[in-house]
Amino acid sequence: MVDSASLQFVSPYAFEAMQKVDVARLAALSDPELRLLLPCLVRMALCAPADQSNAWAQDKKLILRLLSGVEAVNSIVALLSVDFHALEQDARKEQQLRHKAGGSNSESILVSQLQHGLTLEFEHSDPLRRLRLALSELLAIMNKVADSNGEFFLKSSELFESPVYLEEVADVLCILQAELPSLLPIIEVAEALLHVRNGEWFMCLLVANVPDSFSEVCRGLIKNGERQDEESVGGRRRTEALRQLCQMNPSQALNIRAMVVEECHLPGLGVALTLDYKPDMADEAVSPLVSYVSGLLLGTNGKVRTWFSMFIRNGQQRKRESSSVLWQMRRQLLLELVAILPRSRSTHVPNDTDMDSESSSGYSGLREEHVVKASALLRLYCALMGIAGLRPTDEEAEQLLQLMTSRPPATPAGVRFVSLSFCKLLAFPTLVSTPEQEQLMVMWLSWMIKEEEYFESAAGVSASFGEMLLLVAMYFHSNQLSAIIELVCSTLGMKIAIKPSSLSKMKTIFTQEIFTEQVVTAHAVRVAVTNNLSANITGFLPIHCIYQLLRSRAFTKHKVSIKDWIFRQLCETTTPLHTQLLPLIDVYINSILTPASKTNPEATNQPITEQEILNVFQGLAGGDGGKARSQYTITTQLLILYYILSYEEALLANTKTLALMQKKPKSYSPALMDQIPIKHLIRQAQGLQQELGGLHSALLRLLATNYPHLCMVEDWISEEEVTGTLPLLRKMLLTSSSCKYSQTQLREAFQNVLSGGPGLLRILEHLTLLSAGDLIPYAEALTSSMGLLLEDGVSRRIIQTVNKLWMVLNTVMPRKLWVMTVNALQPLVKLLRQQRYTQNDLMVDPLIVLRCDSRVFRCPPLMDITLHMLNGYLLASKAYLNAHLKETAEFERQAQTVSNLGLSGQPDTPEVTREELKNALLAAQDSAAVQILLEVQCLICCLLHQMFIADPNIAKLVHFQGYPQALLPLTVAGIPSMHICLDFIPELLAQPQLEKQIFAIQLLSHLCTQYALPKSLSVARLAISVMGTLLTVLTRAKRFAFFMPTLPCLVSFCKAFPPLFDDVMSLLIQVGQVSAADVTTKARDIDPLIARLQYLGQKPQEIRLSESKYSLRKRSAEELGRADPDVQLCYQIEATFMDIISSSTQAL
């Protein structure tokens, strides 16, 4: 028996020569090396080659010459002279017999009864019998492997263990496999050799003589291998065999390692191959072992991570063995770690007198070329301990602590190393176990705090470890341990299970020794803001620290002003927007409005001043929409706008809380809001949605709540028209971005609008080619001259072009444009008095818009502008009153509660009354606007339809108020939503006022004609019934006043609904009878009329046969005016009757 370690293996040089059939290299081999390759070389020399080239002929001669001096060649030639076909037949028969016998050792066909031991038989046998002996033994092992169901066994075989005959047995084995490949597949032979001693040596020789089979054999061994190779003897033998194969062919070692990872088998082999791997060009940054293990544990493949973690966990459960691959790996990693340490250090301060003061502190600098490798090692140990569950030895823990507390150079890699070291301390606080180690850690943390600013400036990075220290300190103070764990995992780039209880020691050190809360706040406010902050800057920044301190109210608690820092940071922003900016603004606003505690209501932060806000928007000419020439970026301006809108919204939302604390923070003045180009900024934000994240949608939400007049649907639609394809094509006609006409030229052209219309039109048409932003400087000249367009003789095209330009300007500067337009369209009297309205005036009283020059109502393009402004200011007024009511109600209610202190049972009426008054005022404004607009018969119905649909109560209120009957045809025919009046006409008929009942019947008559619906029919029946009822209760004077205007409505009822004819006829006869009974002097004229009406009511069809006979003479107005009221009513009944008959016969 011999140990395989003492055997001669095939060298990489010899294997490469065999792979390439490099005869020159083969000739350079020593005799022992050449002896191992004889089976393949002899077959190569004797067998007929497929390559018939001269080159191969010459090489073959060299091989023959090389073999001629080797004595063992003769025995191999003798082996090749055997009849392998007969041998294969006997082998297959023997396999069949063994299969029938169930694998028992029955009689062998290949080998008869042995007289001596297998070794002696092999020694005394001829070549054929040697082949039979080896084949029989090999087939027996292969059959046993096939029947073992994966259980490993080690077969004792004298043939494969005798050191004297190993080379001869190897020759026989190689010849058998080469000549009988179908009987002896090389993968199965390799698998069988794992179960005999010296199997890896035989396997290497077998593969070396068939070099093309290298990858096939390795893949087969890996596929059949154990999931955890160090757990069993078979796994370790398989790993060792594959390791020997890869040492023979090192160029394929990494490919074999990739197969291991792919199959998730034999993890120890992967590590062993990495340990054996010697790259041609060594990477000074990271070693192959660190790269490989880090890739397994930190990669994206969870299956691989679990598989390798199990290898680490299982390997730790066994006793420490020098032969274990896991312990070899740990030892190598420790050697690499120690190699990059600045010097051999321990946790005790050294006493070497030759060391300088820095060295004597126990610290020394980490060399710059080692920083990246040190960071990689730290991450690897974090993964091994946190993911794979590695328990470090005392030596490993001590050296790790030495590395973590090293001082790197001030480079970006050094900053990264310090951050990783700090997070590893937090993740694995058990590395610090002794007081000396704890003191070492505290000294290192103090050094971090001291050197943070220098590192940031020298390394040229915005995200430094100082912010991380500050953030962790804040988390510890607010007991947000889960946030610290998340921060650690994020920095390390891996998910580690960290118990919050394990951080208790670190919490004590941070909160009591290093960072008290007062130190944290004082330090945070001095931290420089991040220049050009954007989402491209990753890592932990000052903004994260300030955000956490604001959340914990540390600034207000310790009376540290943070307003200036926040404003500076908002001014140092750019796109893409950093995700922490919006939460920072929200929590800052909350700290302004809400005190840190109820006992100290003054403990709040200061808001950004109005002057600072104005400075941000300085340079935006045109107020509501100037082109940005500001020194601040659009990101800063949008963030400040978001701050203002959110502040005002939060102020209203917290009025109740603030009132209870008797605290009323100041809101920003309307004058400030007028200076901010809200719509212009929103429009710019719309084009930057991808870079602004959620800022654009947040601004739209705030705008819809606080400034609904800037979010009208028609504005968005018109804006699409302004920015569409057609305007783009038109702007292509503009040769220069600047306009060739000045504002003065535009004003002069307006002054000569009557005589110089073509010149003005030419300027206006040129202005239509400008963008909305370029058009802003002309806004004042355009609006101030709009009153001149009301003169007679002005071209309609000029007015329409002005309307178009106004709508373009409305997309960027609506609020200022509206104020200028309202002031320009005032009546002449107000213009002479130079009465100027402000934005606030128009929000308080939106009806000012309609108190314009009366000629505006007769100019559709200008009326369109007026209606647009009216709709906007009505919405603005509602928002203004709602905000005003909410802002003042709680404070007044609280004041009343204080004044009535001691009185019980006070009804909560003031608040309800204020709400009702507000609703009444809004309703009065809307109805007044409707009433005024009803006087204008163009471009009105569309707006009224929108108002009625938006709030049907407005329609009800207007019709309960009533309006001139002459407008009913216009409103019913022009307003599509007038059908909703059918819902409340019964209620209107029930009103006690006679004029409301008359208006209801007149309205109903037009609705029945416009909407001949079943609902209209039922309401018409009700109206006829009401008229019959009123006939019996009204006095003579009221009867005349009621029926004279309502009788003509019956014609419309009958025309729309013929089934009502009988009811109407009956009503007319009743009214006639009542009226005739009151007539005394003219009874002779009336009685025949009544009789005639009764007759025609029964036979209306006869009117067609003799229409002239029954035609009644038309009464003149003078005659009717002199007649008695009852006589006039009879005449009206007569005319109504004839109209009904006439309309019905015409229909027939």
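Structure first, text after, so check above.
Keep in mind that what you see is a predicted model, and the values were worked out from it rather than measured.

Cut-offs used in this document
- Numbering of residues starts from 1 in every chain and runs along the sequence as written.
- In keeping with the model being predicted, local features are shown solely for residues with a pLDDT of at least 70 and side-chain atom pairs are shown and tallied solely at 80 or more, while totals for entire chains, interfaces and linings include all residues.
- Water and hydrogen atoms were dropped before computing side-chain values, which therefore reflect all heavy atoms in the structure.
- Stacked, edge-to-face and tilted are the three classes for Phe, Tyr and Trp ring pairs, Trp counted by its six-membered ring, which pair at centre distances within 6.5 Å; planes under 30 degrees apart are stacked, over 60 edge-to-face, the rest tilted.
- Each helix corresponds to a stretch of at least 4 residues labelled H or I by DSSP, and each strand to a stretch of at least 2 residues labelled E; elements are numbered beginning at the N terminus.
- A 1.4 Å probe rolled over the protein chains alone gives each residue an accessible area, and that area as a share of the maximum for its type sets the label: buried under 20%, exposed over 50%, partly exposed in between.
- A ring has a charge above it when a Lys NZ or an Arg CZ is no more than 6 Å from the ring centre and no more than 35 degrees off the ring normal.
- A pair of cysteine sulfur atoms is labelled a disulfide when the two atoms are within 2.5 Å.
- The rule for a salt bridge is simple: a side-chain nitrogen of Lys or Arg has to be within 4 Å of a carboxyl oxygen of Asp or Glu.
- Only buried residues count toward a nonpolar core, which is a set of Ala, Val, Leu, Ile, Met, Phe, Trp, Tyr and Cys residues joined through side-chain atoms within 4.5 Å.
- Residue contacts are defined here by distance: any two heavy atoms, one from each residue, within 4.5 Å place the two residues in contact.
- Pairs of N or O atoms are called polar contacts if they sit within 3.5 Å, as long as, within protein, a hydrogen donor faces a hydrogen acceptor (for residues adjacent in sequence, only side-chain-to-side-chain pairs).

Visitor: Would you explain the packing of aromatic side chains in this entry?
Guide: The way to describe two aromatic rings as a pair is by their centre distance and the angle between their planes. According to the stated counting rule, one finds 13 aromatic pairs in the structure shown. Plain terms: the ring middles of tryptophan 818 and tyrosine 873 are 5.3 Å apart, the flat faces sit at 70° to each other, and that makes the pair edge-to-face. Highlighted residues: tryptophan 818 in helix 48 (residues 814-824) and tyrosine 873 in helix 51 (residues 860-899), separated in sequence by 55 residues. Accessibility classification places tryptophan 818 together with tyrosine 873 in one group, the buried group. Aromatic ring contacts, followed pair by pair, group Tyr588, Tyr643, Tyr647 and Tyr668 into a single cluster. Positioned above the aromatic ring of phenylalanine 153 is the side chain of lysine 144, whose terminal nitrogen or guanidinium carbon lies 4.7 Å from the ring centre.

Visitor: Before we go on, may I ask you to explain the state of the cysteines in this structure?
Guide: Among covalent bonds in proteins, the disulfide is the one between the sulfur atoms of two cysteines. All told, the structure shown has zero disulfides when counted by the stated rule. Left unpaired, cysteine 218 is separated from the closest cysteine sulfur, that of cysteine 246, by 5.2 Å.

Visitor: What should I look at first to understand the pattern of salt bridges in this one?
Guide: Pairing between side chains of opposite charge can happen when the charged atoms of each approach one another. Scanning the model with the defined rule gives 27 salt bridges in all. Between arginine 797 and glutamate 765 there is a salt bridge, with the nearest N and O atoms lying 3.5 Å from each other. Here glutamate 765 lies in helix 44 (residues 757-767) and arginine 797 lies in helix 47 (residues 796-810), a separation of 32 residues in the sequence. We classify arginine 797 as partly exposed; its relative accessible area is 49%. Counted as one network, the salt bridges with shared partners bring together Glu16, Lys20, Asp22 and Arg25.

Visitor: Just to check I follow, could you spell out unusual backbone geometry for this structure?
Guide: Residues apart from glycine generally show negative phi values, whereas peptide bonds are mostly found in trans. The step from threonine 575 to proline 576 runs through a cis peptide bond, and the omega angle for that step is -5°. Relative to the assigned elements, proline 576 resides in the loop between helix 32 (563-571) and helix 33 (581-593). Phi angles above zero are rare outside glycine, and asparagine 198 is one such case at about 60°. A positive phi angle, close to 50°, is found at asparagine 532, a residue other than glycine. For asparagine 532, the location among the structural elements is in the loop between helix 29 (517-526) and helix 30 (542-551).

Visitor: Please clarify how the nonpolar core should be interpreted in this entry.
Guide: One broad rule of soluble globular proteins: the nonpolar side chains tend to lie buried together. The biggest cluster of nonpolar side chains holds 247 residues, and the ones touching the most others in it are Leu245 and Tyr643. The contacts of leucine 245, once residues within four sequence positions are left out, are Met203, Cys204, Val207, Phe214, Val217, Cys218 and Leu221. In this structure, Phe750, Leu944, Leu967 and Phe1057 belong to the second largest nonpolar core, which totals 123 residues.

Visitor: I keep staring at the side chain of glutamate 161 and nothing clicks. Help me out?
Guide: Mapped onto the secondary structure, glutamate 161 falls in helix 10 (residues 158-161). Judged by relative accessible area, glutamate 161 falls into the buried class, the value being 8%. Polar side-chain contacts of glutamate 161 include one of 3.2 Å to the backbone nitrogen of serine 157. A polar atom in the side chain of glutamate 161 sits 3.3 Å from the side chain of arginine 197.

Visitor: Help me out: how do you make sense of the side chain of lysine 563 in this one?
Guide: Structurally, the position occupied by lysine 563 is in helix 32. Among the polar contacts made by the side chain of lysine 563, one reaches the side chain of aspartate 564 at a distance of 3.1 Å. Engagement of the side chain of lysine 563 in a polar contact is seen with the side chain of glutamate 612, the distance being 3.4 Å. Excluding its chain neighbours within four sequence positions, the residues that come into contact with lysine 563 are Tyr588, Gln606, Pro607, Ile608, Thr609 and Glu612.

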